[in-house]
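What follows is the residue order along each chain.
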Amino acid sequence: MQEGQPSHTALRVAMRRAAHQLLDQPPVFRDPLALPILGNEMAAALRSDAGSFERGRVSPFLRAFFAARSRMAEDQLAGAVAGGLRQYVILGAGLDTFAYRSHQPELRVFEVDHPATQGWKRQRLLEAGIKIPAALTFVPVDFEHDDLAVELARAGCHPDQPVFFAWLGVTPYLKREAAMTTLRTIARMAIGGGGVVFDYGVDPDRLNRIQRMVFDAMAARVSAAGEPWLTFFDPDRLVDDLRAIGFSDVSDAGPEALNRLYFAGRSDGLRVGSLGRIMTAWVRTGRSSGPPRV
């Protein structure tokens, strides 16, 4: 992202999350604050004509993927909380609204993001009249330079208790070493029954001709916005790497699994495309600390 500026892609993702509430019935991911957090003017424009914003052949696929990854993260979190977990970290939180609609005061939530994006979000919360709950802590972090574990401990996240992480829409924008350093930190902090859900882009060399054309068009768009894609993964190698750094239970969900899990039987044909995948990784204990693998 550009120095001193909030994330452009965070706004685009939030707008698609809001459009999902209007265009796709029933929503795969229900978020009653998705529209209000955008602000009155933008929310009114979407309510008036969400279809105009969502024009383009790839828009429904992106909308579906953003809904699926948020749904999976919160489904996994719910299982972890049922198992006793009490710390939730949202990395690259953007305009995520979980903390403001959660009815779990015993769950400590830490929103981690770049300081510029975090300041922008707080202004939007203020303008929308959305209260900041006592259980939420904002943690400003630059993933390329700051020590995530140190910043979270400073913010009150207890290192002796397991943590669950949601890390959505971030890894493509980081250098590979920064992404892997973050995953190693997560593995250490998840000990005792925690874990992570994160999405990632597939190595372009694994794409067919049509997929590569879509990829190139999307890559050019985010690069023009000043937030280029930097890192991609081979799914099989990523699973091995996650096990090597300490995750004992790793599950990769590609398009087929996501469509089967969240989009089967829909009359509108909404489904995810083929470019993104979602990884779930746990550091298991003797007790169950999350829902079944996908």
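Below: a short report on this structure. The shown structure was predicted, so the numbers you read here are calculated from the model rather than taken from an experiment.

1. A look at the sheet that holds strand 1 (residues 87–91)
Spatially, 3-2-1-4-5-7-6 is the arrangement adopted by the seven strands of the open sheet, whose pairing is mixed. For this open sheet the edge positions go to strand 3 (136–140) and strand 6 (249–253), each flanked by a neighbour on one side alone. The sheet shows a mean angle of 20° between the axes of neighbouring strands, direction not considered. Where strand 2 (residues 108–113) lies against strand 3, five bridges are found, and the strand directions are parallel. Bridging from a neighbouring strand, Asp113 pairs with Pro140 of strand 3. Running over the sheet, helix 3 (residues 59–82) touches strand 1, strand 4 (164–167), strand 5 (195–201), strand 6 and strand 7 (276–282) and is turned about 10° from strand 7.

2. Structural notes on the side chain of Arg101
Positionally, Arg101 belongs in helix 4 (residues 98–101). Side chain to side chain, Arg101 and Asp31 meet in a polar contact 3.3 Å long. At 2.7 Å, the side chain of Arg101 and the side chain of Glu74 are in polar contact.

3. Overview of the pattern of salt bridges
Summed over all chains, the structure comprises 13 salt bridges. A salt bridge links Asp199 to Arg69; the nearest nitrogen and oxygen atoms lie 2.8 Å apart. A residue pair is termed long-range when its members are at least 10 positions apart, and Asp199 in strand 5 and Arg69 in helix 3 qualify at 130 residues. Each of the two residues, Asp199 as well as Arg69, counts as buried.

4. Examining the side chain of Gln21
On the secondary structure map, Gln21 appears in helix 1 (residues 8–23). Owing to a relative accessible area of 16%, Gln21 belongs among the buried residues under this scheme. Look past the residues within four positions of Gln21 in its chain and what remains in contact with it is Pro27, Phe29, Arg30, Asp31 and Ala34.

5. Details of the pairing of strand 3
Where burial is concerned, most of strand 3 is hidden: four out of the five residues are buried. Between the parallel elements strand 2 and strand 3, the chain passes through helix 5 (residues 115–128) in a crossover that is right-handed.

6. What to know about unusual backbone geometry
With omega at 0°, the peptide bond leading from Gln25 into Pro26 counts as cis. Relative to the helices and strands, Pro26 is located in the loop between helix 1 and helix 2 (40–53).

7. Brief notes about helix 8 (residues 209–224)
Since one α-helical turn is 3.6 residues long, residues separated by three or four positions face the same way. With 16 residues, helix 8 extends 23 Å between its outermost C-alpha atoms, agreeing within 8% with the 22 Å of an ideal straight helix rising 1.5 Å per residue. Residues of helix 8 that are buried: Gln211, Phe215, Met218, Ala219 and Val222. Projected down its long axis, helix 8 shows its buried positions confined to an angular sector of 105°, all on one face. Exposed residues lying more than 90 degrees from the buried face of helix 8 are Arg209 and Ala224. Of the surrounding secondary structure, the elements contacted by the buried residues of helix 8 are helix 1 and helix 3. Count one or two residues on from helix 8 and you reach Gly226, which has phi positive near 90°.

Conventions used here
Residues numbered from 1 in each chain as written. Predicted model: local features only at pLDDT ≥ 70, side-chain atom pairs only at ≥ 80, totals over all residues. Heavy atoms only, no water. Pairing = 2+ DSSP bridges. Helix = DSSP H or I, 4+ residues; strand = E, 2+ residues; numbered from the N terminus. Axes fitted to C-alpha atoms, helices over the stretch in contact; angles between N-to-C directions. Contact = heavy atoms within 4.5 Å. Polar contact = N/O pair within 3.5 Å; in protein donor to acceptor, adjacent residues only side chain to side chain. Salt bridge = Lys/Arg side-chain N within 4 Å of Asp/Glu carboxyl O. Buried < 20%, exposed > 50% of the residue type's maximum accessible area, 1.4 Å probe, protein only. Right-handed = clockwise from strand over helix to strand, strands pointing away. Expected span 1.5 Å × (residues − 1). Arc of directions from axis to C-beta.

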